Amino acid sequence: MSEAVKPEDTFVDPYSIPLDSKFNVAQATLFEQDAQWGYFERLRAESPVHYCDESEFGAYWSVTKYKDIMYVDTHHDIFSSEGGIVIADQDEDFTLPMFIAMDPPVHDDQRRVVSPVVQPINLAKLEGTIRERVVGLLDELPIGEEFDWVDRISIELTTQMLATLFDFPFEDRRKLTRWSDVATANEDMGIIDSEEQRREELFDCLNTFSELFRERQKNPGNNDLITMLAHGEATKDMVDRPMELLGNIILLIVGGNDTTRNSITGGVVALNENPAEYEKLRKNPALINSMVPEIIRWQTPLAHMRRRAVVDTELNGQKIKAGDKVVMWYVSGNRDEEEIENANQFIIDRAKPRQHVAFGFGIHRCMGNRLAEMQLRIVWEEIMKRFEFVEVVGKPERILSSFVKGYSKLPVVLHAKK
Amino acid sequence: MPKITYIQFDGTESSVDAAVGTTVMNNALDNLIPGIDADCGGECSCATCHVLIDENWMTKVGQPSEAEESMLDLNPDRASNSRLSCQINVSEEMDGLIVNLPEFQY
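Model, not experiment: these values are computed from the prediction.

About the criteria used
- Residues numbered from 1 in each chain as written.
- Chains lettered and ligands numbered in written order.
- Predicted model: local features only at pLDDT ≥ 70, side-chain atom pairs only at ≥ 80, totals over all residues.
- Helix = DSSP H or I, 4+ residues; strand = E, 2+ residues; numbered from the N terminus.
- Buried ≥ 20, exposed ≤ 12 C-beta atoms within 10 Å, placed from the backbone.
- Axes fitted to C-alpha atoms, helices over the stretch in contact; angles between N-to-C directions.
- Left-handed = near helix turned anticlockwise from the far one by under 90°.
- Contact = placed C-beta atoms within 7 Å.
- Nonpolar A, V, L, I, M, F, W, Y, C, P; charged D, E, K, R; others polar.
- Pairing = 2+ DSSP bridges.

### Concerning the overall build of chain B
Line of reasoning, step 1. Scanning chain B from terminus to terminus reveals three helices and five strands.
Line of reasoning, step 2. Listing each helix as α and each strand as β along chain B from the N terminus yields β-β-α-β-α-α-β-β.
Line of reasoning, step 3. The buried share of chain B, reckoned over its 106 residues, is 36%.

### Digging into the packing of helix α10 (residues 242-273) of chain A against helix α14 (residues 369-386) of chain A
All names here are of chain A.
Line of reasoning, step 1. At a minimum axis separation of 10 Å, α10 and α14 run at an interaxial angle of 35°. By crossing handedness, the relation of α10 to α14 is classed as right-handed. On α14, the residues that touch T259, T260, S263, I264 and G267 of α10 are A372, Q375, L376, V379 and W380.
Line of reasoning, step 2. A per-class count over the contact of α10 with α14 returns five nonpolar, five polar and no charged.

### Thoughts on the interface of chain B and chain A
Line of reasoning, step 1. With 15 residues of chain B in contact, the opposing surface of chain A contributes 18 residues.
Line of reasoning, step 2. Looking at the side of chain B that touches chain A residue by residue, the classes come out as seven nonpolar, three polar and five charged.

### Observations concerning the sheet that holds strand β1 (residues 49-52) of chain A
All names here are of chain A.
Line of reasoning, step 1. An order of β1-β2-β8-β5-β3 is seen for the five strands of this open sheet, with the pairing classed as mixed. Taken across any chain shown, the strands that pair with only one partner, and hence form the sheet edges, are β1 and β3 (79-80).
Line of reasoning, step 2. The pairing of β1 with strand β2 (residues 60-63) spans four bridges and is antiparallel. Directly across from Y51, in β2, lies its bridge partner W61.
Line of reasoning, step 3. Taken strand by strand, helix α3 (residues 66-74) contacts β1, β2, β3, β5 (304-309) and β8 (325-329), and its axis lies near 125° from that of β8.

### Some points on the environment of B:I36
Residue and element names in this part refer to chain B.
Line of reasoning, step 1. Assignment of secondary structure puts I36 in the loop between α1 (24-30) and β3 (50-53).
Line of reasoning, step 2. For I36, a count of 23 C-beta atoms within 10 Å gives the class buried.
Line of reasoning, step 3. The spacing of I36 and D10 is 26 residues in sequence and 14 Å in space, taken between C-alpha atoms.
Line of reasoning, step 4. Other than its neighbours up to four places away in sequence, I36 contacts M25, A28, L29, C49, S85, L101 and Q105.

### Some points on the pairing of strand β5 (residues 97-100) of chain B
Residue and element names in this part refer to chain B.
Line of reasoning, step 1. Only one face of β5 is buried, namely the one carrying L97 and V99, since none of I98 and N100 on the opposite face is buried.
Line of reasoning, step 2. In this structure, strand β1 (residues 3-7) lies alongside β5, joined through four bridges in parallel fashion. Bridging from a neighbouring strand, Y6 pairs with V99 of β5.
Line of reasoning, step 3. Here β3 runs beside β5; their pairing, made up of two bridges, is antiparallel.

Here it is, written out as structure tokens:
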């Protein structure tokens, strides 16, 4: 009996198709099948700044080399974030303004309000809480019995963290996971049935947070994100601009949730695929410090960020017109052999592990980068104390998206430390 | 060669002979002085080489560019003598420069 081959399982060799304006890497199915690598490899080598004139997201430029990505990311005066930072445009009748999708000066004013929550001095205070929660979760896990790592560890842990940062009612924390998923979902992913449903759920999110916002206006909490928004000079009236409040809440939820979640899972996958590296780690758990940024580079949990040219400009020999959509493929820049030595290998003791574009560069650089690194470090420190092997025992299920690059399921079995 | 002294947050001092034309960041990295992360490698785009210049040396090191200004501005710990060390090129007249390192990089 032969197993039926689903059409999406078999992808054409990216080198067998013409590298013309129909060459399209922004296909969610490619990412779901982890089949995007060859496409990017070819673009980097043959057409590093590439124009695709036809996709479900309209025409767009792909920027695939590390240096060109760095250039676009650091020239916010040429490449604007205004109006959206993912390849898909927002619906005109449902736009969510958020500071990541704004240019200076409004971007700077709003970012400044919330960034202290992830200031290193505040992170130090959080470390104990994070460790306690990690320990609590890991100690409940079954040994020698299959379970889904994504749900029980990656999602649960990042959701607990997010609830702490917002001081969100702890027992309702899975609502945060749901809103994060809904916010980035498309109709093919099986998360929502229709755009109407998506909006309905997001309005529920808005109502919940508006209530919390008003409550914290009256009774400020202790350094949580909602209190900061409710009292920050540039944001204290945001509750009267509901779409903007919703936009920024979604930004913080997705930023703190999807990304770290998928890096926690990605690390387990990477170590299973590279047993020699796992062995290195067992022999020397101090390598966790350099392994953490390597996991983030390897996973690149957000595959791209989008900009729009505001003037006619040139990038690596290509003429980009004002108004053109420009997509920086972080997932590709992080595998650019010209900039990162042995970029296509997972090496937990690299010399310069933090040299990667997963957090972006310039004024939109990830605000929570140190928090993400800290969460991953603590997770791995506690895993290594307890388990000899987190064994992947089935095929990982990947997310159907060219933006959120991650996992929906990862079956594992734990082996106790000898 | 101009001498630069880096002072850690805990007070530890290290002095290095810096090469003219290289950056204050590079001299710290090359001499394995802790406290500077330099994630982007010196492109003025991550702000993890943040230093605090000794007040007496502020005029000698010059003014931050607009790009540096926009990166510094994102740092809640920014002070009046904050600079990104990748944006300071060492010159002969910087002999004796004193650079304080912050407790954390972002």
